[in-house]
Amino acid sequence: MIKRELGKSGLEVSAIGFGCMGLNFGYGHALEERDAIQLIREAAERGVDFFDTAEIYGPFTNEVVVGKALAPIRDAVVIATKFGFDIDQETGQNRGLNSRPEHIRAVAEASLKRLGIETIDLLYQHRVDPAVPIEDVAGAVKDLIAAGKVRHFGLSEPGAATVRRAHAVQPVTALQNEYSLWTRGPESNGILEACEDLGIGLVAYSPLGKGFLTGAMGKDAKIAENDFRRLLPRFSPEAMAANQGLIDVLKQVADRKQATLAQIALAWLLARKPWIVPIPGTTRLARLEENLAAADVALGAGDLADIESALAAIKIEGDRYPPQLMATVGR
């Protein structure tokens, strides 16, 4: 697996990382712990060295699985996790946002314990807390870095102005934003520009559109009651039917390149900027291998132009989140 530097931070990671959330959280099914550990290790054996988790995934249990899986190779991998929510330690209830400095310190200590590590490689604020100045957040992480508890600071789904304010206090290594062929906000909301200006890497989550861009979902897809995609406007039957044109475009390019739809979606992201790293997730070894093979799919200028031209004629239907969740991004 080739490597990429996240911006100008000096932090190098595999060009395709592994988003661990879906192993046991969010999608209506969970792997047995032993199977999740095995899949993470299979990813590492195939060259992946960048693994993403968060306290909210589970909550708490995802970090434990990641820590157990990577313990034998701790020094050879980069582990990213996140703070930013007020989670009841007993019930797991999410009580809202909380990025007060004292809470950040407590969450970092708890994450270190669950992961079984001495230092978090990359610690993100999961969502911007409007009740806490971003300068205070950056200052708290700066203190954790000085104490050897954290190596790098990141932000997830911030607004571009927030990024610049945070970076002035503590250099930001990476932004984690949703970015894919059907979620292109970072191109127009100042995020890619901020990354370029400040030397920050972009970690693209949901690079496969939460499964839609693989071509495996359509208007007749059955989504489980406890699958969070049921809450998302883009996963209504009407929206999935309306967005089928995007799949048709991907299929044309995939057929020409002798690749899968997922591989084209990932290769497109890799071609955007040399400091963009997608972190697809999966629960299946075959899908993992398919995703990683995207690093070997080269999209030329003609391919990219064809995709751009075709996409210009397509209007994506449905917001990526319901209103209450959309209100927490871009702040």
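Only a predicted model underlies this, so the values are computations on that prediction, with no experimental measurement involved.

Quick notes on the rules
- Residues numbered from 1 in each chain as written.
- Predicted model: local features only at pLDDT ≥ 70, side-chain atom pairs only at ≥ 80, totals over all residues.
- Heavy atoms only, no water.
- Helix = DSSP H or I, 4+ residues; strand = E, 2+ residues; numbered from the N terminus.
- Rg over C-alpha atoms; globule rule 2.2 N^0.38 Å.
- Buried < 20%, exposed > 50% of the residue type's maximum accessible area, 1.4 Å probe, protein only.
- Contact = heavy atoms within 4.5 Å.
- Areas by Shrake-Rupley, 256 points an atom, 1.4 Å probe, with all protein chains shown as cover.
- Lys, Arg positive; Asp, Glu negative; His and termini not counted.
- Charge placed at Lys NZ, Arg CZ, Asp CG, Glu CD.
- Phe/Tyr/Trp six-rings, centres within 6.5 Å; stacked < 30°, edge-to-face > 60°.
- Pairing = 2+ DSSP bridges.
- Axes fitted to C-alpha atoms, helices over the stretch in contact; angles between N-to-C directions.
- Core = buried A, V, L, I, M, F, W, Y, C linked by side-chain atoms within 4.5 Å.
- Salt bridge = Lys/Arg side-chain N within 4 Å of Asp/Glu carboxyl O.
- Parallel < 35°, antiparallel > 145°, perpendicular 65-115°, else oblique.
- Nonpolar A, V, L, I, M, F, W, Y, C, P; charged D, E, K, R; others polar.

1. With respect to the overall build of the protein chain
Reasoning step 1: The secondary structure content of the protein chain amounts to 12 helices and 12 strands.
Reasoning step 2: Scaling as 2.2 N^0.38, a compact globule of 331 residues should have a C-alpha radius of gyration of about 20 Å, and the protein chain matches this with 19 Å.
Reasoning step 3: If you line up the protein chain on its principal axes, its C-alpha atoms span 50 × 45 × 40 Å.
Reasoning step 4: Out of the 331 residues in the protein chain, the part that is buried amounts to 56%.
Reasoning step 5: In the protein chain, 74% of the contacts between residues at least 6 apart in sequence involve partners at least 24 apart.
Reasoning step 6: Of the accessible surface of the protein chain, which amounts to about 13,800 Å², a share of 50% is contributed by carbon and sulfur atoms.
Reasoning step 7: Where the 37 positive side-chain charges of the protein chain centre and where its 43 negative ones centre are 1 Å apart.

2. Observations concerning the environment of Asn226
Reasoning step 1: Within the secondary structure layout, Asn226 lies in the loop between strand E11 (201–205) and helix H7 (237–242).
Reasoning step 2: Each residue touching Asn226, except ones within four places of it in the same chain, is listed here: Gly26, Tyr27 and Gly28.

3. Digging into the packing of aromatic side chains
Reasoning step 1: Inspection of the entire model under this criterion finds 6 aromatic pairs.
Reasoning step 2: Look at Phe18 and Phe51: their rings are 6.2 Å apart centre to centre, the planes differ by 40°, and that puts the pair in the tilted class. Taken together, the residues Phe18 in strand E3 (residues 18–19) and Phe51 in strand E4 (residues 50–52) connect sequence positions 33 residues apart.
Reasoning step 3: Among the residues examined, Phe18 registers a relative accessible area of 1% and is labelled buried.

4. Quick word on the sheet that holds strand E5 (residues 78–83)
Reasoning step 1: With respect to topology, 8 strands assemble into an open sheet ordered E3-E4-E5-E8-E9-E10-E11-E12, the strand pairing being parallel. Across the chains shown, the open sheet's two edge strands, defined by having one partner strand only, are E3 and strand E12 (276–278).
Reasoning step 2: Across 4 bridges, the pairing between strand E9 (residues 150–156) and strand E10 (residues 172–178) is parallel. Along E10, the bridge assignment pairs Phe153 with Val172.
Reasoning step 3: Against the sheet, helix H5 (residues 160–169) engages E9 and E10, with an angle of about 160° to E10.

5. Some details on the nonpolar core
Reasoning step 1: Core analysis: the biggest nonpolar cluster contains 100 residues, and Phe50 and Phe51 have the highest contact counts within it.
Reasoning step 2: Of all the elements, helix H9 (residues 261–272) adds the most residues to this core, at 9 residues.
Reasoning step 3: Setting aside its immediate chain neighbours within four residues, Phe50 contacts Leu6, Val13, Ser14, Gly17, Phe18, Val78, Ala80, Leu122, Tyr124, Val203, Val277 and Ile279.
Reasoning step 4: If you look at the next biggest cluster of nonpolar residues, it comprises 8 residues, including Ile56, Tyr57, Phe60 and Phe85.

6. Considering the environment of Leu288
Reasoning step 1: Within the secondary structure, Leu288 sits in helix H10 (residues 285–292).
Reasoning step 2: Owing to a relative accessible area of 3%, Leu288 belongs among the buried residues under this scheme.
Reasoning step 3: Separated by 158 residues in sequence, Leu288 and Pro130 have C-alpha atoms that sit 37 Å apart.
Reasoning step 4: Those residues in contact with Leu288, other than ones at most four positions away along the chain, are Phe18, Leu39, Glu42, Ala43, Arg46 and Thr282.

7. Here we look at unusual backbone geometry
Reasoning step 1: Between Gly58 and Pro59 the backbone carries a cis peptide bond, its omega angle lying at 0°.
Reasoning step 2: As for its position among the elements, Pro59 is in the loop between E4 and helix H2 (61–70).
Reasoning step 3: You will see that Ser206, though not glycine, has its phi angle at about 50°, which is positive.
Reasoning step 4: The phi torsion at Gln258 lies on the positive side, around 55°, for a residue other than glycine.
Reasoning step 5: Note on placement: Gln258 falls in the loop between helix H8 (244–257) and H9.

8. Brief notes about the pattern of salt bridges
Reasoning step 1: Tallied over the full model, the rule gives 31 salt bridges.
Reasoning step 2: Note that Arg74 and Asp121 form a salt bridge whose closest N and O atoms lie 3.0 Å from each other. Taken together, the positions of Arg74 in the loop between H2 and E5 and Asp121 in strand E8 (residues 120–125) put the pair 47 residues apart, joining distant regions of the chain. With respect to burial, Arg74 and Asp121 carry one shared label: buried.
Reasoning step 3: Taken together, the shared-partner salt bridges connect Glu157, Glu178, Lys210 and Arg320 into one network.

9. Some words on H10
Reasoning step 1: Along H10, the positions that sit buried rather than exposed are Leu288, Glu290, Asn291 and Leu292.
Reasoning step 2: Along its buried surface, H10 packs onto E3, helix H1 (33–45) and H9.

10. Topic: the packing of H2 against helix H3 (residues 101–115)
Reasoning step 1: Running from amino to carboxyl end, H2 crosses H3 at an angle of 45°, the nearest separation of the two axes being 7 Å. Taken together, H2 and H3 sit at an angle that is classed as oblique. Every residue of H3 that contacts H2 at Glu63, Val64, Val66 and Gly67 is listed here: Ser111, Arg114 and Leu115.
Reasoning step 2: For the contact of H2 with H3, the residue count by class is 3 nonpolar, 2 polar and 2 charged.

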